[in-house]
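Tertiary structure, described
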Amino acid sequence: MQVQRPRRMGAGGEPGGGPAPRFKRQGLHGLGLLLFVATLAHAAACGCQRIEMLAINDAEDTHARLVRYYRRLGFVARRDVSGERLSDVPHLLVWGGRGLRMDGDVAALMRRWAPVVRAGAQSEV
């Protein structure tokens, strides 16, 4: 077995160089929020007005954590996809599992979170 230490890469991809830029994780803020806002921007550019998410229910503690996270982001619970009703079949086919389907308004979410990401990016410079 051989253990190697990772080498730090510089700006040009060469070994050495300074520290890589980082996006600080602060509670709800971090890389996940950056990706979320980028996805919102793409959805808005494509003309989407609503985003649907499924807080998958694989385990009760994980499900509760996902629901809490999505609510803090601004999503609203719409439908429990349990698989017990015939009307759940399309949701099960799309999402691939049981859980709580949640909706979010793209414009409202952008107004709420884009300034937070911009402020975080400017504080890093």
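Attention in this report is confined to the structure presented alongside it. (Residues numbered from 1 in each chain as written. Predicted model: local features only at pLDDT ≥ 70, side-chain atom pairs only at ≥ 80, totals over all residues. Heavy atoms only, no water.)

We now examine the overall build of the protein chain. Helix and strand counts for the protein chain stand at 4 helices and 3 strands. From first element to last, N terminus to C terminus, the protein chain shows the α and β order α-β-α-β-α-β-α. Counting all 125 residues of the protein chain, 26% fall into the buried class. A separation threshold of at least 6 residues defines the contact pool for the protein chain, and within that pool the share at least 24 residues apart is 62%. Entry remark: accessible area of the protein chain is about 9,100 Å², with carbon and sulfur atoms responsible for 55%. (Helix = DSSP H or I, 4+ residues; strand = E, 2+ residues; numbered from the N terminus. Buried < 20%, exposed > 50% of the residue type's maximum accessible area, 1.4 Å probe, protein only. Contact = heavy atoms within 4.5 Å. Areas by Shrake-Rupley, 256 points an atom, 1.4 Å probe, with all protein chains shown as cover.)

The topology assignment puts Trp95 in helix 3 (residues 89-95). What makes Trp95 partly exposed here is its relative accessible area of 29%. Considering only alpha carbons, one finds Trp95 and Ala55, 40 residues apart in sequence, at a separation of 9.9 Å. In contact with Trp95, not counting residues within four places along its chain, are Glu52, Met53, Leu54 and Arg101.

Below, the discussion takes up the side chain of Arg101. Along the chain, the position of Arg101 falls in strand 3 (residues 99-105). Here Arg101 falls in the buried class, since its relative accessible area comes to 10%. A distance of 2.9 Å separates the side chain of Arg101 from the side chain of Asp103, its partner in a polar contact. The residues touching Arg101, leaving out its near neighbours within four places in the chain, are Glu52, Met53, Leu54, Val76, Ala77, Arg78, Arg79, Val81, His91 and Trp95. (Polar contact = N/O pair within 3.5 Å; in protein donor to acceptor, adjacent residues only side chain to side chain.)

Of all hydrophobic cores here, the largest spans 18 residues; its most connected members are Leu33, Phe36, Val37, Leu73, Phe75, Met102 and Trp113. Elements with a minimum of two residues in this core: helix 1 (31-45), strand 1 (50-56), helix 2 (60-73), strand 3 and helix 4 (106-124). Those residues in contact with Val37, other than ones at most four positions away along the chain, are Met110, Trp113, Ala114 and Val117. (Core = buried A, V, L, I, M, F, W, Y, C linked by side-chain atoms within 4.5 Å.)

Residues Leu31, Leu34 and Leu35 make up a contiguous nonpolar surface patch of about 270 Å² in total accessible area. Residue position: Leu34 is located in helix 1. (Patch = residues over 30% accessible without salt bridge, like charges linked within 9 Å, V, L, I, M, F, W, Y side chains within 5 Å. Salt bridge = Lys/Arg side-chain N within 4 Å of Asp/Glu carboxyl O.)

Inspection of the entire model under this criterion finds 3 aromatic pairs. Ring plane angle 55 degrees and centroid distance 6.0 Å describe the contact between Tyr69 and Tyr70, whose orientation is recorded as tilted. Look at Tyr69 and you get partly exposed, because its relative accessible area is 29%. Three or more aromatic residues link up through ring pairs in this structure, and these residues are Phe36, Tyr69, Tyr70 and Phe75. (Phe/Tyr/Trp six-rings, centres within 6.5 Å; stacked < 30°, edge-to-face > 60°.)

Spatially, the 3 strands line up as an open sheet ordered 1-3-2, and their pairing is antiparallel. A single partner strand is all that each edge strand has here, and the edge strands are strand 1 and strand 2 (76-81). Taken pair by pair, the neighbouring strands of this sheet meet at an average axis angle of 25 degrees, ignoring direction. Across 7 bridges, strand 1 lies against strand 3 in antiparallel orientation. (Pairing = 2+ DSSP bridges. Axes fitted to C-alpha atoms, helices over the stretch in contact; angles between N-to-C directions.)

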